[in-house]
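Spelled out, the chains give:
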Amino acid sequence: MIQTCDPPRTLGLRRLSAQEFCTLLQKETSSIYRPHSEVLRMVTVGEVWGLCAPSRQLLAAQPVLPMDADLALAAALRACRGWRGIEGGYFLAPPVGAQDPAQLVAATAARARQLARGRQVLAVLDPGAQQLLPLYLGQGFALRALRPLNSLAPCFVLAAGTATPRREPVWVPLEDRMQLARQLAKGYAALDSRRRDQSIWLGMYPV
């Protein structure tokens, strides 16, 4: 279960209201959270969970949304992945806020799996949040696509529940988007990551 923001000396998690989420978004530049009406629909059809300080100050937030929702991002994901296989599933929109989102992503990923009840769970990341990819891979997600979603800049599309083949991966630097796109187009997925010379490298496997 996701804990509420009650422990006096630890960061906590609780479900947010539309007003709280919109207040946190005032400094957010991602086009995923535009226009305002789209954000309000997210809160209405899904759940938005927030990470808060002992003082109850809101530090970060992340929506957990149904795949069949009447949302531009959900429609773009359905077009990207195909409706068959993701019906009844859930997805994580990008986290927002200045706080390290590791605790938040772990909680929202668990919540999405709970809501999906064995159906597909996806996640979307803005290209500017590429440093979070290792965090998602560590939560059991696999990078499956890098493509524009609903006229947005190319986004990372990740899927949970991809088994790791028993073979050596092809290591690709995250900064080399052309090579990464070629491997994804060939049916490879990024399931692992490591750092080399201050850069993130992705371990690509055929899936």
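This report concerns the structure included in the present document. (Residues numbered from 1 in each chain as written. Predicted model: local features only at pLDDT ≥ 70, side-chain atom pairs only at ≥ 80, totals over all residues. Heavy atoms only, no water.)

### As for the overall build of the chain
Helix and strand content of the chain: 6 helices and 11 strands. Relative to its length of 207 residues, the chain is compact, with a C-alpha radius of gyration of 17 Å against a globular reference of 17 Å. Expressed as lengths along the three principal axes of its C-alpha atoms, the size of the chain is roughly 45 × 35 × 30 Å. Each of the 207 residues in the chain was classed as buried or not, and the buried ones make up 50%. Put simply, 63% of the contacts in the chain that link residues at least 6 apart link residues at least 24 apart. As presented, the chain carries roughly 10,300 Å² of accessible surface, and 48% of it is formed by carbon and sulfur atoms. If the 24 positive side-chain charges of the chain are averaged to one point and the 15 negative ones to another, these points end up 4 Å apart. (Helix = DSSP H or I, 4+ residues; strand = E, 2+ residues; numbered from the N terminus. Rg over C-alpha atoms; globule rule 2.2 N^0.38 Å. Buried < 20%, exposed > 50% of the residue type's maximum accessible area, 1.4 Å probe, protein only. Contact = heavy atoms within 4.5 Å. Areas by Shrake-Rupley, 256 points an atom, 1.4 Å probe, with all protein chains shown as cover. Lys, Arg positive; Asp, Glu negative; His and termini not counted. Charge placed at Lys NZ, Arg CZ, Asp CG, Glu CD.)

### A short note on the packing of aromatic side chains
With the rule as written, the count across this model stands at 2 aromatic pairs. Look at phenylalanine 21 and tyrosine 33: their rings are 5.7 Å apart centre to centre, the planes differ by 90°, and that puts the pair in the edge-to-face class. A residue pair is termed long-range when its members are at least 10 positions apart, and phenylalanine 21 in helix H1 (residues 18-24) and tyrosine 33 in the loop between H1 and helix H2 (36-45) qualify at 12 residues. Grouping residues by exposure puts phenylalanine 21 and tyrosine 33 together as buried. The cationic tip of arginine 113 hangs over the ring face of phenylalanine 141; the distance from NZ or CZ to the ring centre is 5.5 Å. (Phe/Tyr/Trp six-rings, centres within 6.5 Å; stacked < 30°, edge-to-face > 60°. Lys NZ or Arg CZ within 6 Å of the ring centre and 35° of its normal.)

### Comments concerning the side chain of threonine 162
By secondary structure assignment, the location of threonine 162 is in the loop between strand S8 (155-160) and strand S9 (170-173). What makes threonine 162 buried here is its relative accessible area of 18%. Those residues in contact with threonine 162 that lie beyond four places of it in its chain are Ala142, Arg144, Leu191 and Val207.

Structural measurements only, silent on function.
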